[in-house]
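# Architecture at a glance
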Amino acid sequence: MGVAYGSRFNFSKLSLEDENNDKSQEGVNKASKGGLIYGEYLQLNKILNAQELESEKKGKKIHDEHLFIVTHQAYELWFKQILWEMDSVRVIFQNGHVRDERNMLKVITRMNRISLILKLLVEQFSVLETMTALDFFDFRYYLSPASGFQSLQFRLLENKIGVPQSLRVPYNRRHYRDNFKGQDHELLLQSEQEPTLLQLVEAWLERTPGLDSEEFDFWGQFEENVLKGLEEEFALIQAKAESEEKDDLLSEFQKQRDILLSLFDEKRHEHLLSKGERRLSYKALKGALMIYFYREEPRFQVPFQLLTSLMDLDVLMTKWRYNHVCLVHRMIGGKAGTGGSSGYHYLRSTVSDRYKVFVDLFNLSTFLVPRHWIPKMNPSIHKFLYTAEYCDSSYFSSDDSD
């Protein structure tokens, strides 16, 4: 009783009427008429012929060297895009275009784009991990003295974000720039002298709307509320019966009290700044905390997103370093790097807070307090923070920010 497939339905060919009405085939092949084509536009001839295997040059082609080259070339292309986005963000800050708050959306969009690229680069290590240590060993000898440390673009990225020169781990007891010559050396030196993203964000935070308002003393009121709140908490603990639990509560309270009160000690902040343990000026830190506390106010919503994206940047850079360390450890163990460094041991020393640029933003959570300790805004300042500010006609329009 079964019906053979194809006896009732014939899918082998469209009817003449269907062929004539097939809209998928409506169009014109413009490329056949000449002009710019895909491969020329992307200069694929250069890119796809840029994989020269050193092992093949030496007469013993190793299959996995091709993967190694392509992966690192992909990293460098993405580094170039990150620098492109980073430079555009820095220009917006440098030229004062962030005074027009419409341009902040452009900054946020580009910072988020950088984060997405970095996520891709973090995951890209998994492709290299399909190569075994023995596979790598087969051609590693041919790479010396080339080394990933010699990536000019990655060093430029570190400088433009704001990695402090004083906190860099020396490379074989020498300044990192000593490993670069000629134009590369000059580009690095120039990048060290340009305003970093950290410095530009710091200046922006110092201008946080409402921070210097005569009608609302945010910092003074906040300190007053913290002192009052601490007194109330201390009284509640003291009212408890003597016990080991009370002793523990008092000990914890003392620690928390010291942390919170240190926030209002400007001299201590400057001391930590000189040691590299803090990166933002005291005023910028106040601005960041104000944005953090009042992030639900319309005028602070986008700035809060920017602070979040800056922390994302630090997190992803740290993850990239960590994945790189793990890959190197997997591939060469404790051997020296091809460029002459201590290899895994050197790279491991770079995975620390000394390479985190926006560490102060992470530490804001240290100063979290109950919501009722946060100063209540008066109607005037609340209205001020409820409305975004646009620049007047003397400023560039948002279209000119590039």
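Each chain has its residues counted from 1, following the order in which its sequence is written. Per-residue local features are limited, in this predicted model, to residues with pLDDT of at least 70; the limit for side-chain atom pairs, both in listing and counting, is 80 or more; totals at the level of whole chains, interfaces and linings are taken over all residues. The side-chain quantities take in all heavy atoms of the structure and omit both hydrogens and water.

### Quick look at the overall build of the protein chain
- Assigned secondary structure in the protein chain consists of 18 helices and zero strands.
- The C-alpha atoms of the protein chain give 29 Å as radius of gyration, which overshoots the globular expectation for 402 residues (21 Å, by more than 25%).
- Partly exposed residues are those whose accessible area sits between 20% and 50% of the maximum for their type, while under 20% is buried and over 50% is exposed, using a 1.4 Å probe and protein chains only. Counting the 402 residues in the protein chain, one finds 39% classified as buried.
- Should any heavy atoms of two residues lie within 4.5 Å, those residues are counted as being in contact. Intrachain contacts of the protein chain at a sequence separation of at least 6 include 76% that bridge at least 24 residues.
- For the protein chain, the exposed surface amounts to about 24100 Å²; the carbon and sulfur share of it is 53%.
- Here the protein chain contributes 51 positive and 59 negative side-chain charges, whose respective centroids are spaced 5 Å apart. By the criteria applied, helices consist of DSSP H or I runs no shorter than four residues and strands consist of E runs no shorter than two, each listed in order from the N terminus. Only the C-alpha atoms count toward the radius of gyration. The rule for a globule is 2.2 Å times the residue count to the power 0.38. We get accessible surface area from the Shrake-Rupley algorithm with a probe of 1.4 Å; when it comes to residues, only the shown protein chains can shield them. Charge convention: Lys and Arg are scored as positive, Asp and Glu as negative, and His as well as the terminal groups of each chain are ignored. Taken as the charge centre is NZ of Lys, CZ of Arg, CG of Asp or CD of Glu, depending on the residue.

### Describing the packing of aromatic side chains
- When the centres of two rings from Phe, Tyr and Trp lie within 6.5 Å, Trp using its six-membered ring, the rings pair. Their planes under 30 degrees apart give stacked, over 60 give edge-to-face, and anything left gives tilted. One pass over the full model with this rule turns up 25 aromatic pairs.
- Both rings, one in tyrosine 75 and one in phenylalanine 125, keep their centres 5.5 Å apart while their planes meet at 45 degrees; by these two values the pair is tilted. With a gap of 50 residues between them, tyrosine 75 in helix 5 (residues 63-94) and phenylalanine 125 in helix 6 (residues 103-128) connect regions that are remote in the sequence. Across the pair, phenylalanine 125 and tyrosine 75 agree in class, each one buried.
- Members of the aromatic cluster, each reached through a chain of ring pairs, are Phe216, Phe218, Trp219, Phe222, Phe264, Tyr282, Phe293 and Tyr294.
- Definition used: whenever NZ (Lys) or CZ (Arg) falls within 6 Å of the ring centre and also within 35 degrees of the ring normal, the charge is taken to sit over that ring. Directly above the aromatic system of tyrosine 176 lies the positively charged group of arginine 168, at a separation of 4.0 Å from the ring centroid.
- Over the aromatic face of phenylalanine 304 sits the side chain of arginine 295, whose NZ or CZ is 5.4 Å from the ring centroid.

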